[in-house]
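# Structural overview
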Amino acid sequence: MKFNLTIIIIIIILIYISCYFIFPPSVQILQTTITDFNFATLYTRQPIVISDYLQEKEELVNSWFKFNFIRDLNEDKKNYNDWVYNKYKYLFINANTDTEIIIYKASISSKPPNEDDRIIAIKLEKNQSLILPYRWKFFVENNEDIQLWGMNDLITSFVSFVF
């Protein structure tokens, strides 16, 4: 009996993990404000632009994602000199200056897009933000133009470690 329950739990966990690799068939860039933000929007796995100009970014990240593991990536971004593959459930990007962020849709592959792929350029003004879902890729010309926070749950932490 105990063995059957263990197998059932393992199967449920594997099914749950496999859902992380189901990506939306089409890309939509969603735009919202802080007051209109709906957490259910995160489940669409589409990039979300927050058009408000945020002054208290860290407080917002800590309050919105308080049930996740939050990692400040601002020291790590020095190593981001090419396409960055998002290994976090949500990547919160805030612009320090007016900047353009190039994004590429989520896929199982961590390879950067090639010249035939469709990429999307998003212009953020100073203090505007972008939430990028798991396995999306992004590129920014100057890493000092942005601030980054990665949010994970237990499953995403495990999946990112394994894959």
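These notes cover the structure that comes with them.

This part is about a nonpolar patch on the surface. A cluster of nonpolar side chains, namely Phe3, Ile7, Ile11 and Ile15, defines an oily patch on the protein surface of about 400 Å² accessible area. Mapped onto the elements of the fold, Ile15 is located in helix 1 (residues 2-18).

Another aspect to go through is the nonpolar core. Nonpolar side chains in soluble globular proteins tend to end up buried together. In terms of nonpolar packing, the biggest core is built from 20 residues, with Ile93, Ile101, Leu130 and Phe138 touching the most fellow members. In terms of residue count, strand 5 (residues 90-95) provides more of this core than any other element does, 3 residues in total. Ignoring anything within four residues of it in the chain, the contact list for Ile101 reads Ile93, Ile120, Ala121, Ile122, Leu124, Leu130, Phe138, Phe139, Val140 and Ile146. By size, the runner-up hydrophobic cluster in this structure holds 14 residues, among which are Ile50, Leu60, Val61 and Phe92.

As for its placement among the helices and strands, Pro112 is situated in the loop between strand 6 (99-104) and strand 7 (120-124). When the C-alpha atoms of Pro112 and Tyr85 are compared, they prove to be 8.1 Å apart, with 27 residues separating the residues in sequence.

A word on the pairing of strand 8 (residues 129-133). Among the 5 residues that make up strand 8, 5 are buried, leaving the element largely enclosed by the rest of the structure. By the alternation rule, side chains of strand 8 split into Ser129, Ile131 and Pro133 and Leu130 and Leu132, which are all buried.

Within the open sheet, the 6 strands sit side by side as 1-2-8-5-10-3. Their pairing is mixed. Two strands in the sheet have a free side with no partner beyond their single neighbour: strand 1 (30-32) and strand 3 (69-72). The sheet shows a mean angle of 20° between the axes of neighbouring strands, direction not considered. As defined by bridge partners, strand 3 adjoins strand 10 (residues 146-152) across 4 bridges and the pair is classed as antiparallel. In the strand pairing of strand 10, Phe69 is matched with Asn152. Together, strand 2 (48-50), strand 3, strand 5, strand 8 and strand 10 form the strand contacts of helix 2 (residues 57-64), whose direction differs from that of strand 10 by roughly 10°.

Cut-offs applied
- Residues numbered from 1 in each chain as written.
- Predicted model: local features only at pLDDT ≥ 70, side-chain atom pairs only at ≥ 80, totals over all residues.
- Heavy atoms only, no water.
- Patch = residues over 30% accessible without salt bridge, like charges linked within 9 Å, V, L, I, M, F, W, Y side chains within 5 Å.
- Areas by Shrake-Rupley, 256 points an atom, 1.4 Å probe, with all protein chains shown as cover.
- Salt bridge = Lys/Arg side-chain N within 4 Å of Asp/Glu carboxyl O.
- Helix = DSSP H or I, 4+ residues; strand = E, 2+ residues; numbered from the N terminus.
- Core = buried A, V, L, I, M, F, W, Y, C linked by side-chain atoms within 4.5 Å.
- Buried < 20%, exposed > 50% of the residue type's maximum accessible area, 1.4 Å probe, protein only.
- Contact = heavy atoms within 4.5 Å.
- Pairing = 2+ DSSP bridges.
- Axes fitted to C-alpha atoms, helices over the stretch in contact; angles between N-to-C directions.

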